[in-house]
Amino acid sequence: MIVLGIETSCDETAAAVVADGREVRSSVVRSQVDLHRAFGGVVPEIACRAHIETILPVVEQALARAAVRLDGIDAVAVTCTPGLVGALLVGVSFAKSLALAKGKPLVGVDHLQGHIYAVRMAFPEISYPCVSLVVSGGHTSLYHSRSEIEHDRLGATTDDAAGEAFDKVAKILGLGFPGGPAIERAAAGRDPGRVAFKRTIPDSLDFSFSGIKTAVLYRVRGQDARRPRLLTEEERGDVAAGFQEAVVDVLVEQALRACGRTGTRRLAVGGGVACNGRLREKMRARAAAEGIACWFPPPIFCTDNAAMIAGLGYHLLRAGRASGLDLDAVPTRFHRA
Ligand code: KG4
Ligand code: ZN
């Protein structure tokens, strides 16, 4: 079954063609980072307009690269939740129109489940149950996954998402947008112990990152957050390294605790922050020490893409979960996934 996937939940317009849920024939991602950089974050109105302009060429490019015509597609999968409502609506409306015009099945896909599925798509040997950690710009959540399409939430952030904290701290440090890669570059080669930040680790499997973010703000700009940023490059690197280390430690601790509490020896990590080299290194080392198998997808499938949406769409369709033309864009996440 060949599925065309469409993803427009935030600031990437993406389309992909995937066969049988796993063979990626094409994956096109048009990032809007250059449009949002001047604002230091994603501006919803700009994101929606850009999706409208780019969705058609991106879908055409995905079809061309896969050497398939629309008639050769068996179904259309589209991200319908969570995300910016106007951005989601562009993809959902486009996918519905295609499905209606071509008489193809349509399936709405949860973006977070898509990030979880990206790990499985890269490593089909992962079996269930497994613990899934999604660390992205909008979410930081742990799940007990029973299949590709069944995920019970174990915990989630009670304030900022990990990626959001990276983006905000990069802004405080004047490192630019998007913050994750900028922090990782600034931290490279610096001693993470030189500027240490307190880790907030709840007893539950939830997360909290706003305290670390505020601690960075006070450290850099003083207790009233008004002092001008007068850090040398080395000092900025040390703060970036200390912050990154604190966030990584919290993610590692909670993910392994989730494995322990559920008695699961498998851990899948997805979402944009899963690109982070220090997170990969520490998570792998700790997991190995505890006898837990741990998987991270290649970076292009950690950040937003439509291949994971097409891939998961295949499994939803096989489970009889096709959507009707009344499919709606839902900005907030579902509770169970
Ligand atoms: O999954 P994603 O592409 O979009 C959302 O669904 O949110 O994740 C984007 C987030 C951003 O916050 C970005 O700063 C973060 O992932 N990110 C990273 C790295 N690369 C991207 N965070 C830490 N280290 C990285 N190397
Ligand atoms: Zn995402």
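What you see is a predicted model; the values in this text were computed from it and never measured. (Residues numbered from 1 in each chain as written. Chains lettered and ligands numbered in written order. Predicted model: local features only at pLDDT ≥ 70, side-chain atom pairs only at ≥ 80, totals over all residues. Heavy atoms only, no water.)

Trainee: What's the story with the overall build of the protein in this structure? I'm lost.
Mentor: Each helix and strand in the protein was counted, giving 10 helices and 10 strands. A compact globule built from 337 residues should have a C-alpha radius of gyration of about 20 Å, and the protein, at 20 Å, falls within 12% of that. Dimensions of the protein along its principal axes, counting C-alpha atoms only, are 60 × 45 × 30 Å. Here the protein, with 337 residues, has 52% of them falling under the buried criterion. Once the 40 positive and 37 negative side-chain charges of the protein are each reduced to a mean point, those two points are 2 Å apart. (Helix = DSSP H or I, 4+ residues; strand = E, 2+ residues; numbered from the N terminus. Rg over C-alpha atoms; globule rule 2.2 N^0.38 Å. Buried < 20%, exposed > 50% of the residue type's maximum accessible area, 1.4 Å probe, protein only. Lys, Arg positive; Asp, Glu negative; His and termini not counted. Charge placed at Lys NZ, Arg CZ, Asp CG, Glu CD.)

Trainee: For this particular structure, what's the right way to read the domain arrangement of the protein?
Mentor: Domain parsing of the protein yields domain 1 (2–116 + 303–318) and domain 2 (124–296). Facing 18 residues of domain 1, the contacting portion of domain 2 comprises 17 residues. Of the roughly 1400 Å² buried between domain 1 and domain 2 on both sides combined, carbon and sulfur atoms contribute 72%. Looking only at domain 1, the three residues that lose the most surface to domain 2 are Leu112, His115 and Ile116, adding up to 38% of its buried area. Where domain 1 meets domain 2, there are zero salt bridges. Applying the counting rule to domain 1 against domain 2 returns one residue pair in polar contact (both at pLDDT 80 or more). (Domains from an automatic or database assignment. Contact = heavy atoms within 4.5 Å. Buried area = accessible area lost by both parts, 1.4 Å probe. Salt bridge = Lys/Arg side-chain N within 4 Å of Asp/Glu carboxyl O. Polar contact = N/O pair within 3.5 Å; in protein donor to acceptor, adjacent residues only side chain to side chain.)

Trainee: It is not clear to me how the coordination of the zinc ion (ligand 2) should be interpreted in this structure. Could you clarify?
Mentor: Those protein atoms acting as donors to the zinc ion (ligand 2) are His111 (NE2), His115 (NE2) and Asp304 (OD), and they sit at 2.0 to 2.1 Å. Ordering the donors of the zinc ion (ligand 2) by residue number gives the pattern H-x3-H-x188-D. Taken together, the residues His115 in helix H4 (residues 111–122) and Asp304 in the loop between strand S10 (293–295) and helix H10 (307–318) connect sequence positions 189 residues apart. Per residue, the accessibility class of His115 equals that of Asp304, and both read buried. (Donors = N, O, S within 2.8 Å, 3.2 Å for Na, K, Ca; no water.)

Trainee: In this structure, what is going on with the site of ligand 1? I would like to understand it.
Mentor: In the vicinity of ligand 1 lie 20 residues, with Gly137, Asp167, Gly180, Glu184 and Gly272 positioned nearest. Within the contact set of ligand 1, an oxygen atom lies 2.8 Å away from a backbone nitrogen or oxygen of Gly137. At 2.7 Å, a side-chain N or O of Asp167 approaches an oxygen atom of ligand 1. When ligand 1 sits alone it has 550 Å² of accessible area, and the protein chains cover 88% of it. Among the secondary structure elements, those contributing two or more residues to the shell around ligand 1 are H4, helix H5 (162–172) and helix H6 (179–187). If you tally residues by element for the shell around ligand 1, the top one is H6, at four residues. Broken down by class, the residue content of the shell around ligand 1 amounts to five nonpolar, 12 polar and three charged. When residues are assigned to domains, the shell around ligand 1 turns out to be shared by domain 1 (2–116 + 303–318) and domain 2 (124–296), each giving three or more. (Near = heavy atom within 4 Å. Areas by Shrake-Rupley, 256 points an atom, 1.4 Å probe, with all protein chains shown as cover. Nonpolar A, V, L, I, M, F, W, Y, C, P; charged D, E, K, R; others polar.)

Trainee: Looking at this model, I keep getting lost on the packing of H5 against helix H7 (residues 210–221). Mind explaining?
Mentor: When two helices pack together, their arrangement is given by the angle between the helix axes and the distance between those axes. One can describe the packing of H5 onto H7 by two numbers: an axis separation of 10 Å at closest approach and a directional angle of 5°. The pairing of H5 with H7 is recorded here as roughly parallel in orientation. Residues Lys168, Val169 and Ile172 of H5 form the contact with H7, whose own contacting residues are Lys213, Val216, Leu217 and Val220. (Axes fitted to C-alpha atoms, helices over the stretch in contact; angles between N-to-C directions. Parallel < 35°, antiparallel > 145°, perpendicular 65-115°, else oblique.)

Trainee: I tried to follow the environment of Ala285 on my own but got confused; where do I start?
Mentor: Inspection of the secondary structure puts Ala285 in helix H9 (residues 277–289). The exposure class assigned to Ala285 is partly exposed, which follows from its relative accessible area of 48%.

Trainee: Explain the pattern of salt bridges to me, please; I cannot follow it from the model alone.
Mentor: For side chains bearing opposite charge, pairing can occur when the charged atoms are close. Scanning all chains against the criterion turns up 19 salt bridges. A salt bridge links Arg146 to Asp152; the nearest nitrogen and oxygen atoms lie 2.9 Å apart. On the basis of relative accessibility, which here comes to 25%, the residue Asp152 falls in the partly exposed class. Across the pair Asp160 and Lys213 runs a salt bridge, and its minimum N-O distance is 2.8 Å. Note that Asp160 is positioned in the loop between strand S8 (150–156) and H5 and Lys213 in helix H7, a separation of 53 residues in sequence. This pair shows no difference in class: Asp160 is buried, exactly as Lys213 is.

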